[in-house]
Amino acid sequence: MTDYIINPIRMGGLVKEVDENQVKVHLHGRLGVITVPKRLVITSEELTPGHEMEFYFSYIQIMKDPYDYDSSDMTPDHDIAPCLLGGKISEVNDTAIKVDIMDHLGTIAVPRRWAFTPVPLENGQDTEFYFSCMKVIGKRDIPVESI
């Protein structure tokens, strides 16, 4: 079995949808969709579709024996910083997986190639990855349908 090192990288995306509780962000490059509670977004303005977001994220690793992860650093009271989190796969199809982030911190839907695993992907598998709060860094004036 090969060991993988998952490293967080700074990524970006555009807000596609906002409701009273959560924000749906489409990753640049058609790399997936992340939905998070509004409380994880660093901003001083009202969120609307087209807001440019910046955050840390990594590949996802399937864990046979998950750690006792701590999400207490997932707070918008400081600049974005990667945090090692756990989650569970809630959906697998031919092209993508969906992961429910621990402690009700949202969902991640990304292509299957983002998941490192020596076993076939299945619903209910434990995962780990780096993630951070999201920070608004700008606004694009484009139609929502184009996001």
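Up top you'll find the structure we're talking about.
Along each chain, residues carry numbers from 1 onward, in the same order as the chain's sequence is written. Whole-chain, interface and lining totals are the exception, using all residues; otherwise, since this is a predicted model, local features are given only for residues with pLDDT of at least 70 and side-chain atom pairs are given and counted only at 80 or more. Just so you know, side-chain values use all the structure's heavy atoms and leave hydrogens and water out.

S.K.: Which parts of the structure should I look at to understand a negative patch on the surface?
M.R.: Side chains of D68, D70, D73, D77 and D103 sit close together on the surface and give a patch of like negative charge. Relative to the assigned elements, D77 resides in the loop between strand 6 (60-63) and strand 7 (83-92). Exposure above 30% relative accessible area and no salt bridge define the residues that can form patches, which grow by joining like charges within 9 Å and nonpolar side chains of Val, Leu, Ile, Met, Phe, Trp and Tyr within 5 Å. Throughout, the Shrake-Rupley method with a 1.4 Å probe supplies accessible areas, and for residues the shown protein chains are the sole cover considered. Just to be clear on terms, a salt bridge is a Lys or Arg side-chain nitrogen sitting within 4 Å of an Asp or Glu carboxyl oxygen. In this tally, Lys and Arg are treated as positive and Asp and Glu as negative; His is ignored, and so are the chain termini. In plain terms, the charge of a residue is placed at NZ if it is Lys, CZ if Arg, CG if Asp and CD if Glu. Under the scheme used here, helices are H or I runs from DSSP no shorter than 4 residues and strands are E runs no shorter than 2 residues, and both carry numbers assigned from the N terminus.

S.K.: Before we go on, may I ask you to explain the nonpolar core in this structure?
M.R.: One broad trend across soluble globular proteins is that nonpolar side chains are buried collectively. Nonpolar cores were defined as sets of buried Ala, Val, Leu, Ile, Met, Phe, Trp, Tyr and Cys residues, with membership established by side-chain atoms within 4.5 Å. The rule is simple: take the accessible area with a 1.4 Å probe, protein chains only, and divide by the maximum for that residue type; under 20% is buried, over 50% is exposed, in between is partly exposed. Core analysis: the largest hydrophobic core is formed by 39 residues, its most contacted members being F55, F57, L85, F129, F131 and M134. The element best represented in this core is strand 5 (residues 51-57), accounting for four residues. Those residues in contact with F55 that sit more than four places away from it in its chain are I9, R10, M11, G12, G13, L27, I34, I80, F131, S132, C133 and M134. Any two residues whose heavy atoms approach within 4.5 Å at even a single point are treated as in contact.

S.K.: Where do I start with unusual backbone geometry in this structure?
M.R.: Keep in mind that most residues, glycine aside, have a negative phi and that most peptide bonds are trans. Its identity is not glycine, yet D103 carries a phi of approximately 55°, on the positive side. By secondary structure assignment, the location of D103 is in the loop between strand 8 (96-101) and strand 9 (107-111). The class for D103 is partly exposed, based on a relative accessible area of 45%. Although it is not a glycine, H104 adopts a positive phi angle of roughly 60°. Along the chain, H104 falls in the loop between strand 8 and strand 9.

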